[in-house]
Every structure is written in structure tokens, then in C-alpha cells.
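These are the residues of each chain, in order.
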Amino acid sequence: MNPDQELTQLRQRVTELERSEARYRNIFECSPISLWEEDWSAVKQHLDRILATGVDLDAYLRSHIDDVITCIGLVKILDVNRATLELCQAPNKDQLLQALSVVFNNDSIDTFRRELVALGGGAMFYEEETTICTLLGESRNIMFRVVVGADCEQTWERCFVSLVDLTDRKRAEEALRLSKEETIQAQREMLARLSAPVIPISDDVIVMPFVGQLDQARMQQALGVLLDEVQRLRVTTAILDITGVPEIDAEGTQGLIQAAQAVKLLGAQVVLTGIRPAIAQGLVALGSNLDELVTRGTLQTGIAFAMQNGRTRR
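Reference entry: report on the structure contained in this document. (Residues numbered from 1 in each chain as written. Predicted model: local features only at pLDDT ≥ 70, side-chain atom pairs only at ≥ 80, totals over all residues. Heavy atoms only, no water.)

Description of the sheet that holds strand E1 (residues 34-39)
Pairing between sheet strands relies on hydrogen bonds along the backbone, with the strands arranged either parallel or antiparallel. This is how the line gets drawn: Only when DSSP finds a minimum of two bridges between them are two strands counted as paired. A helix here means a DSSP run of H or I that spans at least four residues, while a strand means a run of E at least two residues long, and both kinds are numbered starting from the N terminus. To obtain an axis, a line is fitted to C-alpha atoms, over the contacting stretch when the element is a helix, and the angle between two such axes runs from 0 to 180 degrees between their N-to-C directions.
Ordered by their spatial adjacency, five strands build an open sheet running E2-E1-E5-E4-E3, and the pairing between neighbours is antiparallel. Looking at which strands have only one partner, the edges of the open sheet turn out to be strand E2 (76-80) and strand E3 (125-133). In this sheet, adjacent strand axes meet at a mean angle of 30° when their direction is disregarded. Relative to E2, E1 is paired through four bridges, and the arrangement is antiparallel. Looking at the pairing, Trp36 lines up with Val80 of E2.

As for the pattern of salt bridges
Think of it this way: side chains of opposite charge can pair up when their charged atoms draw near. Put simply, the rule reads: Salt bridges, as used here, are contacts in which a Lys or Arg side-chain nitrogen is within 4 Å of a carboxyl oxygen on Asp or Glu.
Applying the stated criterion across every chain yields a total of 17 salt bridges. A salt bridge links Glu29 to Arg82; its shortest N-O distance comes to 3.8 Å. Pair noted here: Glu29 is in helix H1 (residues 3-30) and Arg82 is in helix H5 (residues 82-88), with a separation of 53 residues, a long-range link. As a salt-bridge pair, Lys44 and Asp48 come within 3.0 Å of each other at their nearest N and O atoms.

Some points on the pairing of strand E7 (residues 205-211)
Under the convention used in this document: For every residue, the accessible area obtained with a 1.4 Å probe (protein chains only) is divided by the maximum for its type, and the residue is called buried under 20%, exposed over 50%, and partly exposed between those limits.
The element E7 is largely enclosed, with a buried count of five among its seven residues. One ladder, built from two bridges, connects strand E6 (residues 199-200) with E7; its direction is antiparallel. Paired with Ile199 across the two strands is Val207, which belongs to E7. The hairpin turn running from E6 into E7, its antiparallel successor, is four residues long. Across six bridges, E7 lies against strand E8 (residues 237-244) in parallel orientation.

So, the state of the cysteines
Where we set the bar: Note on terminology: pairs of cysteine sulfur atoms within 2.5 Å are recorded as disulfides.
Counted by the stated rule, this structure contains zero disulfides. A disulfide-free cysteine, Cys88 has its sulfur positioned 9.7 Å from the sulfur of Cys133, the nearest such atom. Given a relative accessible area of 0%, Cys88 falls into the buried group. For Cys159, which is in no disulfide, the shortest distance to another cysteine sulfur is to Cys152 and amounts to 7.4 Å. For Cys159, a relative accessible area of 0% translates into the label buried.

Digging into the nonpolar core
To be explicit about the condition: To define a nonpolar core, start from buried Ala, Val, Leu, Ile, Met, Phe, Trp, Tyr and Cys residues and group those joined through side-chain atoms within 4.5 Å. The contact criterion used is simple: two residues touch if any of their non-hydrogen atoms lie within 4.5 Å.
Trp40 and Leu116 are the most contacted members of the largest nonpolar core, which has 32 residues in total. Residues contacting Leu116, with those up to four places away along its chain left out, are Trp40, Val43, Leu47, Leu57, Leu61, Val68 and Cys71. Residues Met219, Leu223, Ala259 and Ala262 belong to the second largest nonpolar core, which totals 27 residues.

A short note on unusual backbone geometry
For Gln89, which is not glycine, the phi torsion reads 55° and is therefore positive. Within the element layout of this structure, Gln89 appears in the loop between H5 and helix H6 (93-98). Look at Arg234: it is not a glycine, yet its phi comes out positive at around 55°. Here Arg234 lies in the loop between helix H10 (216-233) and E8. Judged by relative accessible area, which is 70%, Arg234 ranks as exposed.

Rendered as C-alpha cells:
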């Protein structure tokens, strides 16, 4: 091959390399994801010196945060793309590079420490969700990922970092979570009302029948419903019917007494009906003080008492 041919081939090769570099730069700049091209060679050298002492890198960096800060300062940022400026709300690259201490907060430092441990242990990439702060003071949830460039495993002189903005997704997930919690709470309240329904008997009297176990949790739910209805309907008497309750423990009994006291504060009276002999014996055995309650054996007699009491009040 003569010199002219060699020169022609060399020029063609240079042209191909320039075109390849231009394509890479275009992809880099136009990527919608924040991309950072960095030189970590000084970081690797620092970690190698630490590892040469035989320490456990994770434990060491946890107790020597100053070395983590040192490694952050040793990272040489070669370039960032336009998406990075948009994510960090930076007007230009120079201002972004001058404000890295603002962008990378305490969460980011913890992420960087774990990243150092992974790469120091032989991994060629690491990713983790973390947060950054923009130059305008906004917090952003991101997926941070660093990859050691091909053919740079021994030096780390070319590393690529990507930051994927998860903020909108996180906000949507949080809104969905709150919506689910509100739905669950509404369902609980509905179940509470269904498990202890309030039945109006007249303008002055309501009945709340109980069926099944009557424990403290259920009494608390029922008490909230009862007080709301007493206030809303402005009744004078609330009948609590426990005909369908097989037994009542001390907490359930205390709940009935609290209900009577709370209703009395609203200007109404509680009548307890449906006390069977077995439950009566249990209440006596528990030493319950039912002075706050008017008691009747059946719901019918309780309603009759409440209606008569209402007419007497008029």
C-alpha cells in the first residue's frame, strides 16, 4: 500500500470516528433522562488505599463519613446533558457544577456510600432510589444508577450516571394510597354503622340494637355513631338493646357506661334493654356500676318507658 492510500484510509477512519462521536454526543444531549459522564479514577485509587488496610469497607465508611465526602469531591464531572439541567433546575452547566453540594443532600450521601461499597466490592453498576434538591429548592425523587464504562473496570476513568425522575410517579402513588385509605376508612365507618344501626322510633327516641360480641373496640365505634345521631336528631332517649349479645366482658360493660355518660352530656338518656339472667349475673360478678343506666328487661318495655318519659318531659 502506497503512502497516498494509507493517508486516505487514515482520513476515512478519522471521519468515521468523528461521525461516531457526533452520534454519541447527539444521543447524550437529546436523551430525556439525566445523564452524567464522570471520571472516577481518583475515587478508585482512594478506595484501593482504604481496602489495602484490610478493613470492612461498609463498616469503615459508616464510621468515616469524611472519607465518603472526600470520594464525592474526587469525582470529576466531564459532562452533563440538557435533561440534567432541567431536572436540577439549573440555567447552565457551570452553575450546576458550582452547586453540587446543594443538589446532593444527606439522602444522596447515604446512597453514594452504599454505591462505593458495591463498586469497591467488585460490582460494575449500582442503582438505588434516593432524593436530590434542585437549585430552586424543590425535592425530587430519583432512581440513581451508575455504570462503570466498558474497558474501564480497572481504572473507573469513565463512568456513566443516570438520574430518572420518579417524583410524579411517587406523587401519584401517594395520592392513590391516600385514596385507598380514605376508601377503607369510609368502609369501616359504614360497617360500624351497619354493625350498630340507629333506628328512629319517634322524634324523641332512637334504638341501637347490638348482635354478637360486644367488646371495647366495637363499643367505641358504636359510641361515635350514637353520639352523632343523638346530636343530629336531637332525641331525648337512646335505647341500647343487647338482646342479641351472648355475653359482655368488663371492657364492653365499661363502654356501655361511657355511652350513657356521653349521651347525658348531650341532654339525652340511655336505656339498656335485653339483659338476660346470664348477662345480669355476669355484670354483678364484674362488680359493674350501672347507676348511669336505666335498664328494662325487653326492648318493648324499654320503648314503652322511653315514649312515656318523652310525654312526661313535654
